[in-house]
Amino acid sequence: MTILVTGGAGYIGSHCVQQLISVGHKVCVIDNLSRGHREAVSPQASFFQLDLLETERLTEIMKSQRIEKVIHFAALAYVGESVKNPLPYYTNNTAGTLSLLRAMQHSQVSQIVFSSSCATYGISANVPVTEESPQSPINPYGWSKLFIEQILRDCAHSDPNFGFIGLRYFNVAGCTHDGSLGEDHMPETHLIPNCLNTALGQQSQVTILGDDYPTEDGTCIRDYIHVEDICAAHLLALNALEPNINRFYNIGLGHGYSVLEVVKTTEQVTGSKIPIEYRPRRPGDPPILAASNEKISKELGWSPKYTSLKDIIQTAWDWFQSHPHGYQTQTGSSSEKKLKDD
Ligand code: UFG
């Protein structure tokens, strides 16, 4: 099958492209390289550098490449940044998806797997969170994804040929088991990479953003899920896609770890002491997020291969040690690009 992967040069997208190719799919990647890395894209995929908002070019590519299904990763995904600078999140994520859906319509492609987020739940009363839990985001990133979820429901309602599966990721972590692909963000805001960069001596300490949350040790709890397990869920979703399908699934392990537990586990994996400093909470951060994964396990037969935080961090540590400067790309990691609407 020929699959269009948007954001295929990004962290999760590039891992997924590799898995799609390994099971025999033909893959076409589009990415604007604002945050992704050309080097991360498999040489076996065709690559087009363009923005999701370029509807006409997108349509031409979908037609000429004979795209059959879409996996849509491309998005800005920093919670803190979205609070400070919301408009690029709505432009890139929400309007960008509208443009993609129009291009799909113009080229008669009607099936899509969409990367949604646990950020759509906001502060949930139930942990672990089920797919039926109320969705009330507390940051613009979460809203930008929730709006897309509604747009997809409306498309499915109006067109019997349209089918989608939305995957709500919890905290994606780790790198490929064979060390071929990794995690390289600029700016880097994620907890595990910051801990590993500290262990490598590239930063002096890890900042803990809030120790007054209503959790046992006062730091936020997140459900960390290995990137290869996320990709496996995409492959299952792709196979389950058909006209009229309209479903959302959580992907997480079902339990979380506090920020302090992540720091301690990273110390065990790396054998290095990680100095910490405490700062106030980061606006937009919910105290606890953990996924119920019963639905995807039952309906798609998904089960995670990585169930230990230590093993997840180990895969990331292996890549960080072999790539201390990430992909060293000219396009993504060497300079932070300006966001649309800046
Ligand atoms: N944190 C720190 N110090 C850091 C970095 C993070 O204390 O240096 C804390 C955060 O405040 C948060 C936790 O560690 O409580 C995890 O933060 P990350 O930045 O690693 O991940 P987020 O939970 O903010 O974000 C991730 C994804 C988003 C997704 C979100 C859902 O990056 O795409 O989970 O909440 F939407």
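Residues numbered from 1 in each chain as written. Predicted model: local features only at pLDDT ≥ 70, side-chain atom pairs only at ≥ 80, totals over all residues.

Got a minute to help me understand the overall build of the chain in this structure?
Helix and strand content of the chain: 10 helices and 13 strands. For the chain, whose C-alpha radius of gyration is 19 Å, the value lies close to the compact-globule estimate of 20 Å for 342 residues. Once the C-alpha set of the chain is aligned to its principal axes, its extents read approximately 55 × 45 × 40 Å. Residues classed as buried in the chain amount to 46% of the 342 residues present. The contacts in the chain between residues at least 6 apart in sequence include a share of 80% that link residues at least 24 apart. (Helix = DSSP H or I, 4+ residues; strand = E, 2+ residues; numbered from the N terminus. Rg over C-alpha atoms; globule rule 2.2 N^0.38 Å. Buried ≥ 20, exposed ≤ 12 C-beta atoms within 10 Å, placed from the backbone. Contact = placed C-beta atoms within 7 Å.)

Would you mind going over the packing of helix 8 (residues 259-270) against helix 10 (residues 309-322) with me for this structure?
When two helices pack together, their arrangement is given by the angle between the helix axes and the distance between those axes. Running from N to C, helix 8 and helix 10 point in directions that differ by 60°, and their axes come no closer than 9 Å. Judged by the angle between their axes, helix 8 and helix 10 are oblique. Judged by the twist between their axes, the crossing of helix 8 over helix 10 is right-handed. Taking contact as the criterion, the partners of Thr265, Thr266, Gln268, Val269 and Thr270 in helix 8 are, on helix 10, Leu309, Lys310, Ile313, Gln314 and Trp317. (Axes fitted to C-alpha atoms, helices over the stretch in contact; angles between N-to-C directions. Parallel < 35°, antiparallel > 145°, perpendicular 65-115°, else oblique. Left-handed = near helix turned anticlockwise from the far one by under 90°.)

Could you clarify how one ought to interpret helix 7 (residues 227-240) in this entry?
With 14 residues, helix 7 should cover 20 Å at 1.5 Å per step; its first-to-last C-alpha distance of 20 Å lies within 8% of that length. Where helix 7 is concerned, the buried positions are Val227, Glu228, Asp229, Ile230, Cys231, Ala233, His234, Ala237 and Leu238. (Expected span 1.5 Å × (residues − 1).)

Got a minute to help me understand the environment of His190 in this structure?
Mapping His190 onto the fold places it in the loop between strand 7 (171-173) and helix 6 (191-199). Judged by the 17 C-beta atoms lying within 10 Å of it, His190 is partly exposed. The spacing of His190 and Asn171 is 19 residues in sequence and 9.4 Å in space, taken between C-alpha atoms.

What's the story with the site of the ligand in this structure? I'm lost.
The full set close to the ligand counts 21 residues, and Ala77, Ala119, His190, Leu191 and Cys220 are the nearest of them. Those elements that place two or more of their residues in the shell around the ligand are helix 6 and strand 8 (206-209). It is strand 8 that contributes the most residues to the shell around the ligand, four residues altogether. For the shell around the ligand, a count of residues per class yields 12 nonpolar, six polar and three charged. (Near = placed C-beta within 6 Å. Nonpolar A, V, L, I, M, F, W, Y, C, P; charged D, E, K, R; others polar.)

It is not clear to me how the packing of helix 2 (residues 55-64) against helix 4 (residues 86-106) should be interpreted in this structure. Could you clarify?
The N-to-C vectors of helix 2 and helix 4 enclose an angle of 40°; their axes lie 8 Å apart at closest approach. Taken together, the axes of helix 2 and helix 4 are oblique relative to one another. Every pair of crossing elements has a handedness; the one defined by helix 2 and helix 4 is right-handed. The residues of helix 4 that touch helix 2, namely those facing Thr55, Leu58, Thr59 and Met62, are Ser99, Leu100, Arg102, Ala103, Met104 and His106.

Mind showing me how you'd approach the nonpolar core here?
The nonpolar side chains of a soluble globular protein tend to be buried, and buried together. Val5, Val29, Ile230, Ile251 and Ala316 are the most contacted members of the largest nonpolar core, which totals 94 residues. Per-element tally for this core: the top contributor is helix 10, with seven residues. Among all residues touching Ile251, those that are not within four sequence positions of it are Leu167, Arg168, Tyr169, Phe170, Ile225, Ile230, Ala233, Ala291, Asn293 and Ile296. (Core = buried A, V, L, I, M, F, W, Y, C linked by C-beta atoms within 7 Å.)

Where do I start with the sheet that holds strand 2 (residues 26-31) in this structure?
What links the strands of a sheet is backbone hydrogen bonding, and the strands pair in either a parallel or an antiparallel sense. What the seven strands build is an open sheet, ordered 3-2-1-4-5-6-11; its pairing is parallel. The open sheet is flanked by strand 3 (46-49) and strand 11 (246-251), the only strands paired with a single partner. Across the sheet, the mean angle from the axis of one strand to that of its neighbour is 20°, orientation sign disregarded. Summarising the sheet, strand 4 (residues 69-72) and strand 5 (residues 111-117) pair through three bridges and their orientation is parallel. Paired with Ile71 across the two strands is Val113, which belongs to strand 5. Along the sheet face, helix 5 (residues 140-158) touches strand 5, strand 6 (163-169) and strand 11 and points at about 155° away from the line of strand 5. (Pairing = 2+ DSSP bridges.)

Even after reading the chapter, I still don't get helix 6, so can you show me in this structure?
Spacing of three or four residues puts side chains on the same side of an α-helix, whose turn is 3.6 residues. Counting buried positions over the nine residues of helix 6 gives seven, a clear majority of the element. Of the surrounding elements, those touching the buried residues of helix 6 are strand 7, strand 8, helix 8 and helix 10. Following helix 6 by one or two positions, Gly201 adopts a phi angle in the positive range, close to 85°.

For this particular structure, what's the right way to read the pairing of strand 6?
The side chains of a regular strand alternate, first on one face of the sheet and then on the other. In terms of burial, strand 6 is largely enclosed, as seven of its seven residues are buried. Covered by surrounding structure in strand 6 are Gly163, Ile165, Leu167 and Tyr169 together with Phe164, Gly166 and Arg168, the residues of both alternating faces. One ladder, built from seven bridges, connects strand 5 with strand 6; its direction is parallel. Within the sheet, the bridge partner assigned to Phe114 lies in strand 6 and is Gly166. Tracing the backbone out of strand 5, into helix 5 and back to the parallel element strand 6 gives a crossover that is right-handed. Two elements, strand 6 and strand 11, share six bridges in a ladder whose sense is parallel. Looking at the pairing, Gly166 lines up with Phe248 of strand 11. (Right-handed = clockwise from strand over helix to strand, strands pointing away.)

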